[in-house]
Each structure stands twice: as C-alpha cells, then as structure tokens.
Amino acid sequence: MPVKQIHSHLFFGKIMLLAQNYKTAFSHMNSGVLALIATLIIWSSYFVALRSGAQSSLTGFDMALLRFMLPALLLTPVLIKSKNRIAKVPKRYLLGIAAGAGLPFYLFSVLASGQVQAVIGSLLVPGVSPLLVTIMAIVFYKERLSKQRMLGLFTILGGIAMLVGNQLGLNAGSTISFGSLMGMGLYLCAAGCWAVYTVSVKMSKLNGLEIAAILNCSAAIILLSVLPIDMFTSNLEKESLETIFAQLLVMGVFCGLITVITYGHAISRLGAEITACWGAMTPILVALLAFLILGEALSVSTMAAMMLIIMGVVFANFKRKT
C-alpha cells in the first residue's frame, strides 16, 4: 500500500476516533444535564409540597412517614443486594448521605416550612449549598477557585440576600418575626446538610439506587424505632385522602426515589460543584409554582433577585473562550 494511502487511512482513523470520543463525552454530559433538569423540577415541587403540608393538619411526623416509608420498602432489596459494596465506603460518607438528605435534613425542612414561605426554603437550601460545597472543596480537598467562579458565587449570594430581604419585607422597613428568623436558621441547617450530602455522594461513588436505599432505609429505621414510644402525634386519620396522596406522590415517589437517582447521576456526570451551583436556579421555579398553587406573591424585586441568581449561575459555570 502506498505511503500516502497509509497516512490517509491513519488520518481518517484519528478523525473517526476523535469524533467517537466527542460523541461519548457529549452523551455523558447530555444525560447529566437532563438528570439535573429533572432534579430541579422535582425540587421545586418539594418545597411547594412542604409548605402545603405545613398548612394542613399533618404533623411533622406524618410528613416524615409519607416521605420515607414507601421508598424504604421498595429499596430494601437494593440495600441487601449491595451490602458488600456499601460496606466498603468510608463510614463518614455513609453518614453524610444518611444525614445530609435523610431524616435530619427533612426535619429541618419541615420545621422551617411552617415559619416562612416556600421560596425562602428554595433559596437557602439549593442557593446556599453551592457556597458551602465550594468552601468544603477548598478547605478539605485543596481545590483552586477561579476568579470567575468566585464572581458567580458572590452574585448568587447577592441575589439570595435580595430575595430573602424582599420576602421578609425588609424593603418596607418592617421588623422580622422570631418565627421568620427561626425558619431561616433551620433552612440554613438544612443547606449545610445538603452540602455534606452532595460531597458525600461524589466521594462514595455509589449509584443512585444505592444512595436512595441508604438515606431512605436509615430514616425509616429511626421512624419505626420511635413508634412504640408514642411521643409524636399523628393526624393522618383526620386529613383528606387527596392531601395524603399528594404528599406521598411528591415526597415519597418523586423526592424519595426519582430525584435521588437523577441528582446522583448529575453529580457523576457534571461534578459536585457545578451540580450544586445549578441548584441555585430552584428558587425561580419555586416562586412561580408558589404563585400559581399557593398564591404567594411574586414582586418586581423578587424577579430582579432571580435574574441575579441566573447571572451568578452563568458566571460560575461557563468558561471564557480564549
């Protein structure tokens, strides 16, 4: 075979290999983006459902039962099948998964949802988490932070501050109630839990079903262990089937099963910091849903704060072309 023909075959072979690599990379990124979009939509429903449940006669214990028991029942076989693989994960990451998105996180969220509007929770959990994840990455894993990423994160923080101030009526010079402060503090605790969860998911290298099994089954075990004590009240028999079914569907099925899998997949494809940062978009969807479903106000200043958050996400995630 002539030398020129050999070089031609090699050249086209490299082109085909490069194209195949790009196709695989794009496929991985695309699946991560789709998983992240699904996660954001479910998160938005989560905060609205929390607020709706808090306005019903359901107790925090009732809402926890509806959130964790069904997913735990369905995922117990996964936990048994993967017990050897899970046992190899460092205990600190297993604890981070169980506490970060399990019962402690949920109880913080439930208690907070009774004090402040749904959009506040959507701000302080997925909004503050990127900052905490980044701090953890710098302190514990010695990662470097670019100026553009810093600008994006501080822009997100500015949008969050503006939106929280607007929701609490600071622009009108009104005073903040103790309940509002307590609600914000509880949501900040939930944000801390979620940041730990995000990093733990990345470091554990477990798949979405295994992660869902750990956090749901651990929460269910705790809930079942306190049932005989009879220290928590329940109003399940007093609530309508429609409300119970809505909570079970949104909290148990979508949040307890689907979003754990999609969020874990998004982290594996896009990275922990970028996935957490895009979570800051949740307040926009929550504000719209809360306006349509719960009748919570959406003011001009709220929309301006949301635009700041969008700009921050863009700054933090897109690199400049050189």
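In this report, the structure presented in the accompanying data block is examined.

What follows is about the overall build of the chain. For the chain, the helix and strand inventory stands at 14 helices and zero strands. Beginning at the N terminus, the succession of helices and strands in the chain can be written as α-α-α-α-α-α-α-α-α-α-α-α-α-α. Partitioning the intrachain contacts of the chain with sequence separation of at least 6 by distance along the chain shows that 90% fall at a separation of at least 24.

Below, the discussion takes up helix α9 (residues 178-204). Here α9 is 27 residues long and its end C-alpha atoms lie 39 Å apart, about the 39 Å a rise of 1.5 Å per residue gives. Positive phi appears at lysine 205, one or two residues downstream of α9, with a value of about 60 degrees.

Take the pattern of salt bridges next. Summed over the entire model, instances satisfying the criterion amount to one salt bridge. Between glutamate 210 and arginine 85 there is a salt bridge, with its nearest N and O atoms 2.9 Å apart. Note that glutamate 210 is positioned in helix α10 (residues 208-226) and arginine 85 in helix α3 (residues 83-87), a separation of 125 residues in sequence.

What follows concerns unusual backbone geometry. The backbone of lysine 205 shows a phi angle near 60 degrees, a positive value even though the residue is not glycine. Relative to the helices and strands, lysine 205 resides in the loop between α9 and α10.

Take helix α2 (residues 60-81) next. In a regular helix each residue adds 1.5 Å, so 22 residues correspond to 32 Å; α2 covers 32 Å between its end C-alpha atoms and thus fits that length. If you look at α2, its biggest bend is around 45 degrees, right at leucine 75, and the proline proline 77 turns up within four residues after that.

Evaluation of the coordinates by the stated rule reveals five aromatic pairs. Geometrically, the ring pair formed by phenylalanine 68 and tyrosine 106 is edge-to-face, given 5.5 Å between the ring centres and 80 degrees between the ring planes. Placement of the pair is phenylalanine 68 in helix α2 and tyrosine 106 in helix α5 (residues 103-113), with a sequence separation of 38 residues. Judged by its relative accessible area of 0%, phenylalanine 68 is buried. On the basis of an interplanar angle of 45 degrees and a centroid distance of 5.1 Å, the ring pair of phenylalanine 105 and tryptophan 194 is categorised as tilted. Here tryptophan 194 lies in helix α9 and phenylalanine 105 lies in helix α5, a separation of 89 residues in the sequence. Of the two residues, phenylalanine 105 and tryptophan 194, neither departs from the other in class, the shared state being buried.

Now for the side chain of serine 44. Within the secondary structure layout, serine 44 lies in helix α1 (residues 3-54). Residue contacts for serine 44: discarding those within four places in its chain leaves Thr282, Leu285, Val286 and Leu289.

With 90 residues, the main nonpolar core has Leu50, Tyr106, Ile120, Leu124, Tyr187 and Tyr197 as its most contacted residues. Once you skip the residues sitting within four places of it in the chain, leucine 50 turns out to touch Met63, Tyr106, Ser109, Val110, Ser113, Tyr187 and Met251.

Now for a nonpolar patch on the surface. Residues Ile135, Ile138, Val139, Phe140, Tyr141 and Met203 make up a contiguous nonpolar surface patch of roughly 540 Å² in combined accessible area. With five residues, the single largest contributor to the nonpolar patch is helix α7 (residues 129-141). Take isoleucine 135: it is sitting in helix α7.

The packing of two helices is summarised by the inter-axis angle and the distance between the axes. Contact pair α9 / helix α11 (residues 241-270): the axes reach a minimum separation of 9 Å and the direction vectors enclose 65 degrees. The crossing of α9 and α11 is right-handed. In contact with Trp194, Tyr197, Thr198, Val201 and Lys202 of α9, α11 contributes Val260, Tyr263, Gly264, Ile267 and Ser268. Tallied by class, residues from the contact of α9 with α11 come to six nonpolar, three polar and one charged.

Relative to the helices and strands, arginine 67 is located in helix α2. The side chain of arginine 67 is buried and forms no salt bridge, while aspartate 62, the nearest opposite charge, is found at 15 Å. Looking at arginine 67, its side chain comes within polar contact range of the side chain of asparagine 216, at 2.8 Å. For arginine 67, the residues in contact, after removing those within four places along its chain, are Ala101, Tyr106, Leu215, Asn216, Met251, Gly252, Cys255 and Gly256.

Below, the discussion takes up the environment of threonine 282. Counting through the fold element by element, threonine 282 comes out in helix α13 (residues 282-294). Threonine 282 sits 241 residues away from isoleucine 41 along the chain, and the two C-alpha atoms are 7.7 Å apart. Those residues in contact with threonine 282, other than ones at most four positions away along the chain, are Leu40, Trp43, Ser44, Phe47, Ser122 and Pro126.

Reading guide: rules and limits
- Residues numbered from 1 in each chain as written.
- Predicted model: local features only at pLDDT ≥ 70, side-chain atom pairs only at ≥ 80, totals over all residues.
- Heavy atoms only, no water.
- Helix = DSSP H or I, 4+ residues; strand = E, 2+ residues; numbered from the N terminus.
- Contact = heavy atoms within 4.5 Å.
- Expected span 1.5 Å × (residues − 1).
- Salt bridge = Lys/Arg side-chain N within 4 Å of Asp/Glu carboxyl O.
- Bend = angle between axes of the 7 residues up to and from the residue.
- Phe/Tyr/Trp six-rings, centres within 6.5 Å; stacked < 30°, edge-to-face > 60°.
- Buried < 20%, exposed > 50% of the residue type's maximum accessible area, 1.4 Å probe, protein only.
- Core = buried A, V, L, I, M, F, W, Y, C linked by side-chain atoms within 4.5 Å.
- Patch = residues over 30% accessible without salt bridge, like charges linked within 9 Å, V, L, I, M, F, W, Y side chains within 5 Å.
- Areas by Shrake-Rupley, 256 points an atom, 1.4 Å probe, with all protein chains shown as cover.
- Axes fitted to C-alpha atoms, helices over the stretch in contact; angles between N-to-C directions.
- Left-handed = near helix turned anticlockwise from the far one by under 90°.
- Nonpolar A, V, L, I, M, F, W, Y, C, P; charged D, E, K, R; others polar.
- Lys, Arg positive; Asp, Glu negative; His and termini not counted.
- Polar contact = N/O pair within 3.5 Å; in protein donor to acceptor, adjacent residues only side chain to side chain.

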